[in-house]
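Fold and contact review
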Amino acid sequence: MSDLAAQPVKQKTEHLPPFPLNQWYVAALSRELKDEPVARMMLGNPIVLFRNADGEVAALEDRCCHRALPLSCGTLEPDGLRCGYHGMLYNSQGQCTEIPGQEKIPRRARVKAYPVKEQDDIVWIWFGEDANEPPAFEPPRYSPHRSDQYFFDGGVFHYQAPYQLIHDNLLDLSHLGYVHLKTIGGNAKVHMNAQMDVSSDEKSVHVVRHMLDSEPPPTYTAAYPFKGRVDRWQEIEFHISHLRIWTGAVDAGSEPIDNPSRGGFHMRGFHGITPETETTSHYFWTIASNPTENQEEVMKKVVDQTAYTFEEDKEVIEAQYRNMIDFPGEPMIDIHVDAAPNRARRIIEHLRTRSGK
Ligand code: FES
Ligand SMILES: [Fe+2]
């Protein structure tokens with residue numbers, strides 16, 4: 001078995017950073033950032049996120065350089081973020097631009113600013129191995145958020161569990177038939193026996209599963225007028241900071257399902273998994289779908305059922321992690337469904353240990 005399987009993040013090489021740092025991570029969904037600062041610890045760094053007067057997102061260290069009040073306790077003004085204790089004003093670059101009652105602003109009156117980029121309704125943040133180096137590449141694009149074909153909605157969960165347990169869960173959809181019977185599940189045996197193809201490269205893992213001639217699960221029949229049995233696909237892409245999961249179905253035998261322009265019912269999930277600490281995580285999700293009729297009503301159903309589904313996952317994963325703490329160091333065996341999760345763990349471990357060298 002892989003010694004990386006389902007272990008908490010920190011085991012070996014403890015002097016190295018616990019997460020790959022040269023990556024864009026999801027800091028927020030765009031809709032979260034309105035007219036108030038948002039406090040969020042990410043990769044162990046307390047950060048305050050806010051929009052400046054031009055609507056651009058900024059990310060600063062969440063600590064006033066005067067007497068350390070979190071800047072997220074302050075207020076947004078046209079010229080920046082004002083500390084809620086003695087009123088120092090900071091711009092998007094973290095520079096203090098005003099000290100009430102004092103003319104001279106000390107050169108060191110500034111806080112750290114992190115590179116951020118907002119695109120496709122997602123706010124990305126870069127921590128970096130070297131704080132003086134700009135990001136080595138652009139953040140990823142996410143086309144379903146820009147497509148006319150899809151509507152989408154989503155939310156944010158906080159997890160009392162390490163982020164790799166969430167990767168494990170999303171890379172192994174065989175759990176649908178046990179955890180999600182009320183929504184996207186279906187017959188457990190069909191899931192466990194689904195034909196599965198796993199491939200990977202240095203930075204990603206791809207899983208394709210087909211379930212031909214199967215019973216459509218409740219969410220599917222609620223959202224789409226299937227005639228009877230369906231051919232289902234599940235395509236999962238793992239990247240270091242997020243997963244893209246494209247699932248759906250067509251009427252059984254009506255058309256090939258390995259063609260990206262296939263018809264039928266689609267659910268395209270975006271899953272941004274950002275470590276908060278080594279043992280807790282942020283989970284940013286959206287679901288995009290293509291309802292053909294009663295779009296608003298169907299979309300609401302798809303989103304509600306997706307949120308319900310993810311709450312089921314959260315319950316399982318947090319219970320799993322509590323038990324891992326209660327049974328420290330106990331071995332865990334691998335079974336066939338662990339192939340993709342184990343590859344993702346190897347990719348992260350490789351990048352993490354390489355980043356400290
Ligand atoms: S603590 Fe922020 S201005 Fe004093
Ligand atoms: Fe799940």
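Residues numbered from 1 in each chain as written. Chains lettered and ligands numbered in written order. Predicted model: local features only at pLDDT ≥ 70, side-chain atom pairs only at ≥ 80, totals over all residues. Heavy atoms only, no water.

1. Some words on the sheet that holds strand S6 (residues 80–82)
Pairing in this open sheet of 4 strands is antiparallel, and the strands run S5-S6-S7-S8 from one edge to the other. Looking at the sheet topology across the chains shown, the edges are occupied by strand S5 (75–77) and strand S8 (96–98). Pairing analysis gives 2 bridges linking S6 to strand S7 (residues 89–90), with the strands arranged antiparallel. Bridged to Arg82 within S7 is Leu89. (Pairing = 2+ DSSP bridges. Helix = DSSP H or I, 4+ residues; strand = E, 2+ residues; numbered from the N terminus.)

2. What about the environment of Phe270?
The residue Phe270 is located in strand S16 (residues 265–275) in this model. Sequence spacing of Phe270 and Phe284 is 14 residues, and the spatial spacing of their C-alpha atoms is 7.8 Å. Apart from the residues within four sequence positions on either side, Phe270 is in contact with Val26, Ile122, Trp124, Tyr142, His242, Leu243, Phe284, Trp285 and Thr286. (Contact = heavy atoms within 4.5 Å.)

3. Concerning the nonpolar core
In terms of nonpolar packing, the biggest core is built from 61 residues, with Leu49, Ile125, Leu171, Val205 and Tyr283 touching the most fellow members. Top element by residues in this core is helix H5 (residues 295–326). It accounts for 9 residues. Structurally, this core is a two-domain feature, drawing no fewer than three residues from each of domain 1 (24–126) and domain 2 (143–355). Counting residues in hydrophobic clusters, the runner-up holds 14 residues, among them Val48, Leu60, Leu81 and Met88. (Core = buried A, V, L, I, M, F, W, Y, C linked by side-chain atoms within 4.5 Å. Buried < 20%, exposed > 50% of the residue type's maximum accessible area, 1.4 Å probe, protein only. Domains from an automatic or database assignment.)

4. Digging into the side chain of Arg51
Structurally, Arg51 can be placed in strand S3 (residues 45–51). On the basis of relative accessibility, which here comes to 18%, the residue Arg51 falls in the buried class. Separated by 2.7 Å, the side chain of Arg51 and the backbone oxygen of Leu33 make a polar contact. Only 2.9 Å separates the side chain of Arg51 from the backbone oxygen of Gly55, close enough to count as a polar contact. If sequence neighbours within four positions are ignored, Arg51 has contacts with Ser30, Leu33, Lys34, Glu56, Val57, Leu76 and Glu118. (Polar contact = N/O pair within 3.5 Å; in protein donor to acceptor, adjacent residues only side chain to side chain.)

5. Quick notes on the sheet that holds strand S13 (residues 204–214)
Ordered in space as S11-S17-S16-S15-S14-S13-S12, the 7 strands form an open sheet in which the pairing is antiparallel. The open sheet terminates on both sides in strands that have one partner only, identified here as strand S11 (151–159) and strand S12 (195–200). Sheet twist, expressed as the mean angle between neighbouring strand axes with direction ignored, is 15°. Judged from the 9 bridges that link them, S13 and strand S14 (residues 230–239) form a sheet pairing that is antiparallel. What sits directly across from Arg209, in S14, is Gln234. Its contacts with the sheet put helix H1 (residues 163–171) on S11, S13, S14, strand S15 (242–251), S16 and strand S17 (281–289), and the angle it makes with S16 is roughly 160°. (Axes fitted to C-alpha atoms, helices over the stretch in contact; angles between N-to-C directions.)

6. Some thoughts on the pattern of salt bridges
If you walk through the whole model with that rule in mind, you get 16 salt bridges. In this structure, Glu98 engages Arg82 in a salt bridge whose closest nitrogen and oxygen atoms are separated by 3.1 Å. Highlighted residues: Glu98 in strand S8 and Arg82 in strand S6, separated in sequence by 16 residues. A relative accessible area of 32% means that Glu98 is categorised as partly exposed. One salt bridge connects Glu318 with Lys314, and the closest N-O pair in it is separated by 2.9 Å. Residue Glu318 and its partner Lys314 are located together in helix H5, separated by 4 residues, close to a single helical turn. Given a relative accessible area of 12%, Glu318 falls into the buried group. Salt bridges sharing common partners tie together Glu77, Arg82 and Glu98. (Salt bridge = Lys/Arg side-chain N within 4 Å of Asp/Glu carboxyl O.)

7. Some thoughts on the coordination of the iron ion (ligand 2)
Taken together, His175 (NE2), His180 (NE2), Asp313 (OD) and Asp313 (OD) make up the full set of protein donors to the iron ion (ligand 2), lying 2.1 to 2.3 Å away. The coordination sphere of the iron ion (ligand 2) comprises 4 donor atoms, whose angles at the metal cover 59 to 151°; the geometry is irregular. In the primary sequence, the donor residues of the iron ion (ligand 2) line up as H-x4-H-x132-D. Taken together, the positions of His180 in the loop between helix H2 (176–179) and helix H3 (188–192) and Asp313 in helix H5 put the pair 133 residues apart, joining distant regions of the chain. Like His180, the residue Asp313 is buried in the burial classification. (Donors = N, O, S within 2.8 Å, 3.2 Å for Na, K, Ca; no water. Tetrahedral: all angles 85-135°; square planar, octahedral: opposite > 155°, others 65-115°.)

8. Section: the domain arrangement of the protein chain
One can read the domain layout of the protein chain as domain 1 (24–126) and domain 2 (143–355). In this structure, domain 1 and domain 2 have C-alpha centres spaced 34 Å apart. Taken together, the contact between domain 1 and domain 2 spans 17 residues of the former and 21 residues of the latter. Of the roughly 1500 Å² buried between domain 1 and domain 2, counting both surfaces, carbon and sulfur atoms make up 63%. Inspection of the region where domain 1 meets domain 2 yields 2 salt bridges. With a closest N to O distance of 3.0 Å, Arg146 and Asp120 form a salt bridge. At the boundary of domain 1 with domain 2, the tally comes to 9 residue pairs in polar contact (both at pLDDT 80 or more). For the side of domain 1 that touches domain 2, the secondary structure elements donating two or more residues are strand S1 (24–29), strand S2 (38–42) and strand S10 (122–126). (Buried area = accessible area lost by both parts, 1.4 Å probe.)

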